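Architecture at a glance
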Amino acid sequence: MDGADGSRRSSAAPDGLRPRDAVRSEHGHSAPEGAAGSDPTARPRRAAAATDGEPPAARKLPRRHSVRGQVLDALRCSLVSGELAAGEVYSAPALAQRFGVSPTPVREAMQQLACEGAVEVVPNRGFRVARRTARDLAELAEIRALIEVPVMVGLARTVPRERWDELRPLAADTVAAAARGDRAAYAEVDRAFHHALLALAGNRQLSLLGDDLHRRAQGPADDGTIVRAADLLADAAEHNALLDALAAQDLVVVEQLVREHFAGAGRTG
């Protein structure tokens, strides 16, 4: 349900992005005054192309309690937007310079991304951004459907209508991000929506698994497919339709919508 826009990055650094912006040091010192955390729904900036340890231009990091967490969030955003290109190798020291931190939290964040299948470790060089082939996306979509179809049908039988209405704001967030054509923001709010759905089952491990599968489906596409705002809007519209069917306890429609939702995952990532 998600996909990179595939556009080429410019050779100049984006306006307003400077090295060491919005970062707290590993020793807990505050970032320079005025370096505010980024809005998670803000459209990611395009940066200069980088290969083999030469990173794109610096960008602001979202605020989190740890430097590692800030770097991890920023890297995920860069992967989803295509700012970090599929197949390219990036070194931890070069990325650390980009973010204004030491290499340690960058290596830790990249190791987490390696566990999620987003990057691959390249000994003595850094980390290569993994490619998402059509087969990869189809297999992930199949697994997600196998999990979510029976869960959603079961929840439709037991969850009262008002609980589904509580998820309407999340569905609206996906529509807003889609209308902006903001691929990175859409990936995050889409993950939050599906997490909230699975959380109603009361199984924490199920929610964690859903998050992991969602993130594995993110990142640059192998074929360079450009995702249109119309594709994101179609995907987001299915969220509202699903909530309608769940509230009505229409089990047949619920199953059909969930299957079709994941069947179309390739168009958005």
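Preceding this paragraph is the structure being described.
The rules behind these values
Residues numbered from 1 in each chain as written. Predicted model: local features only at pLDDT ≥ 70, side-chain atom pairs only at ≥ 80, totals over all residues. Heavy atoms only, no water. Helix = DSSP H or I, 4+ residues; strand = E, 2+ residues; numbered from the N terminus. Buried < 20%, exposed > 50% of the residue type's maximum accessible area, 1.4 Å probe, protein only. Pairing = 2+ DSSP bridges.

Attention now moves to unusual backbone geometry. Of note, the phi angle at N124 is positive, near 65°, even though the residue is not glycine. If you trace the backbone, N124 turns up in the loop between β2 (119-122) and β3 (126-129). Of the residues examined, N124 reaches a relative accessible area of 85% and is grouped as exposed. The backbone of Q249 shows a phi angle near 55°, a positive value even though the residue is not glycine. A relative accessible area of 44% means that Q249 is categorised as partly exposed.

Another aspect to go through is the pairing of β3. Two faces make up the sheet, and in a regular strand the side chains alternate between them. By the bridge criterion, 2 bridges tie strand β1 (residues 89-90) to β3 in an arrangement that is antiparallel. Counterpart to V89 in the pairing with β3 is R128. Here β2 runs beside β3; their pairing, made up of 4 bridges, is antiparallel. Residue pairing across strands places V121 opposite F127, the latter belonging to β3. Counted between consecutive antiparallel strands, the loop separating β2 from β3 contains 3 residues, among which N124 sits at a positive phi close to 65°.

Structural measurements only, silent on function.
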